[in-house]
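# Descriptive structure summary
Each chain is listed here by its residues.
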Amino acid sequence: MAIQENQVVTMNYELKVNGEVVDSNIGKDPLEFTFGIGQLIPGLESRINEMNEGDTKEVTVPAAEAYGEYNPEAKQALPKEQFGDMELEVGMSLQGQGENGQPIQVVVDEIRDNEIVVDFNHPLAGQELNFSITINTII
């Protein structure tokens, strides 16, 4: 029986961007999620809804249905002292809190004399995502 809304699904996946593996749980515990409540990126969820237990599938998710298009305006310069004694490097990922207290991830884009430019785009924004999926269980 194909996956239906509110069912608990476990799956293994490998994620490639531009032919390079950027995430995988192959050989590890499967990812467990409840289908249809937004725990997966929309483009992935919509492409696995016809799968059954034991099915394997190659799935391509365009950027717009994954982490969105890259927004060059989603950068902000912050005072260097806001980062304390942290040893920052360009490309470094940092975890912070958004306006509503939700966790957000930013990437150090530029280090200036008195400020740090951070990029609020998701690291995979603007990227087409290529998944290899195996559905293990559907409960």
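Fair warning: this is a prediction, and the values are worked out from it, not measured in the lab. (Residues numbered from 1 in each chain as written. Predicted model: local features only at pLDDT ≥ 70, side-chain atom pairs only at ≥ 80, totals over all residues. Heavy atoms only, no water.)

## Some points on the pattern of salt bridges
Cut-off, in case you're wondering: Salt bridge, as applied in this entry: a Lys or Arg side-chain nitrogen positioned within 4 Å of an Asp or Glu carboxyl oxygen. Only DSSP runs of H or I reaching four residues or more are called helices, and only runs of E reaching two or more are called strands; each is numbered from the N terminus. For every residue, the accessible area (1.4 Å probe, protein chains only) is compared with the maximum for its type, and the residue is labelled buried under 20%, exposed over 50%, or partly exposed between those bounds.
The full count for this structure, using the stated rule, is 5 salt bridges. Put simply, Glu-65 and Arg-47 hold a salt bridge, and the shortest N to O gap is 2.7 Å. Here Glu-65 is found in the loop between strand E4 (56–61) and strand E5 (75–79), whereas its partner Arg-47 is found in helix H1 (residues 42–48), with 18 residues between them in sequence. Among the residues examined, Glu-65 registers a relative accessible area of 31% and is labelled partly exposed. A relative accessible area of 23% places Arg-47 in the partly exposed class. Lys-75 is the salt-bridge partner of Asp-109, the closest N and O atoms lying 3.1 Å from each other. Here the residue Asp-109 occupies a position in strand E7 (residues 103–111), and Lys-75 occupies one in strand E5, the gap between them amounting to 34 residues. For Lys-75, a relative accessible area of 34% translates into the label partly exposed.

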